[in-house]
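Architecture and fold: a report
Next come the chains, spelled out residue by residue.
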Amino acid sequence: MLTAEYLLKGLIFICPRAKDFPLSSSSTAAGEELYYANLYIGGCSLIRHHMNMKRDLKDYTLVICAGEERYPDYTIKEALMREKWDVITFQEHSLRSLEICHFEPYLSELIAYARELCPSAKIALHQSWGYGETRMHTMKSAGVASIEEMFDKAEGNYLLAL
């Protein structure tokens, strides 16, 4: 059986002691056991994650396995050191991902920090998405005219950030 640990930071972490939570139907079909954690702050930007990292702020709630367990007042360091994570993902706030200037130097420094504390973990970017029809006013205020344009701009910047 394959196992994986992920920390999704948008932050999300996934690891082997899954509580029967399939990350996707394909992981269940493949017989993989997945455990994940989301280091959660709603609508958080890379610059805020970076500031929280530098100051070791307890601004997060660590959510384990789709909300089955919740731990408030967590730091990035505490979450990174909690498990032997296989994968750590990073994500920029949806609207800020429309401009490449919002990724650096924050993303590189967050990745370096994660690698320092979790040297065997793979690093991934969790791409933002285009808002739905109910958020058209927000997209237009950000200078995009459609869901497709928002997705395309974000996708282009995530590819550049790699």
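Details of the structure are given in the entry above.
Here we summarise the structure given alongside this text. (Residues numbered from 1 in each chain as written. Predicted model: local features only at pLDDT ≥ 70, side-chain atom pairs only at ≥ 80, totals over all residues. Heavy atoms only, no water.)

Things to note about the packing of aromatic side chains
Two aromatic rings are characterised by how far apart their centres lie and by the angle between their planes. Cut-off, in case you're wondering: Only centres within 6.5 Å qualify two rings of Phe, Tyr or Trp (six-membered ring in Trp) as a pair; their planes then separate them into stacked at under 30 degrees, edge-to-face at over 60, and tilted for everything else. Counting from the N terminus, the helices are DSSP H or I runs at least four residues long and the strands are E runs at least two residues long. Residue exposure (1.4 Å probe, protein chains only): buried if accessible area is under 20% of the type maximum, exposed if over 50%, otherwise partly exposed. Criterion for a charge above a ring: Lys NZ or Arg CZ within 6 Å of the ring centre, and within 35 degrees of the ring normal.
Per the counting criterion, the structure on display carries two aromatic pairs. When the centroid spacing of 6.3 Å and the interplanar angle of 50° are considered together, the rings of Tyr-71 and Tyr-74 count as tilted. When the centroid spacing of 5.1 Å and the interplanar angle of 85° are considered together, the rings of Phe-103 and Tyr-158 count as edge-to-face. With a gap of 55 residues between them, Phe-103 in the loop between strand 6 (87–90) and helix 4 (106–117) and Tyr-158 in helix 6 (residues 147–161) connect regions that are remote in the sequence. Taken individually, Phe-103 and Tyr-158 each receive the classification buried, so the pair is uniform in this respect. Over the face of the ring belonging to Tyr-71 we find Arg-82, whose NZ or CZ atom lies 4.8 Å from the ring centre.

Some details on the nonpolar core
Put simply, the test is: Only buried Ala, Val, Leu, Ile, Met, Phe, Trp, Tyr and Cys residues count toward a nonpolar core, and they belong to the same one when joined by side-chain atoms within 4.5 Å.
Formed by 29 residues in total, the largest nonpolar core has its most connected members in Leu-39, Leu-62, Ile-76, Leu-80, Ile-88, Phe-90 and Leu-107. At the level of elements, strand 3 (33–40), helix 2 (46–55), strand 4 (60–64), helix 3 (76–82), strand 6, helix 4 and helix 6 are the ones that each hand at least two residues to this core. In terms of nonpolar packing, the next biggest core, distinct from the first, is built from six residues, Met-136, Met-139, Met-150 and Ala-154 among them.

Concerning a negative patch on the surface
As a reminder, the rule being used: Two joining distances apply to patches: 9 Å for like charges and 5 Å for nonpolar side chains (Val, Leu, Ile, Met, Phe, Trp, Tyr), and every residue must have over 30% relative accessible area and no salt bridge. Per-residue and other accessible areas follow the Shrake-Rupley method at a 1.4 Å probe size, with only the shown protein chains counted as cover for residues. Just to be clear on terms, a salt bridge is a Lys or Arg side-chain nitrogen sitting within 4 Å of an Asp or Glu carboxyl oxygen. Asp and Glu count as negative and Lys and Arg as positive, but His and the ends of the chain are not part of the count. Where a charge lies is defined by one atom per residue type, namely NZ (Lys), CZ (Arg), CG (Asp) and CD (Glu).
Taken together, the side chains of Glu-133, Glu-148, Asp-152 and Glu-155 define an acidic patch exposed on the protein surface. Residue class for Glu-148 comes out exposed when judged on its relative accessible area of 53%.

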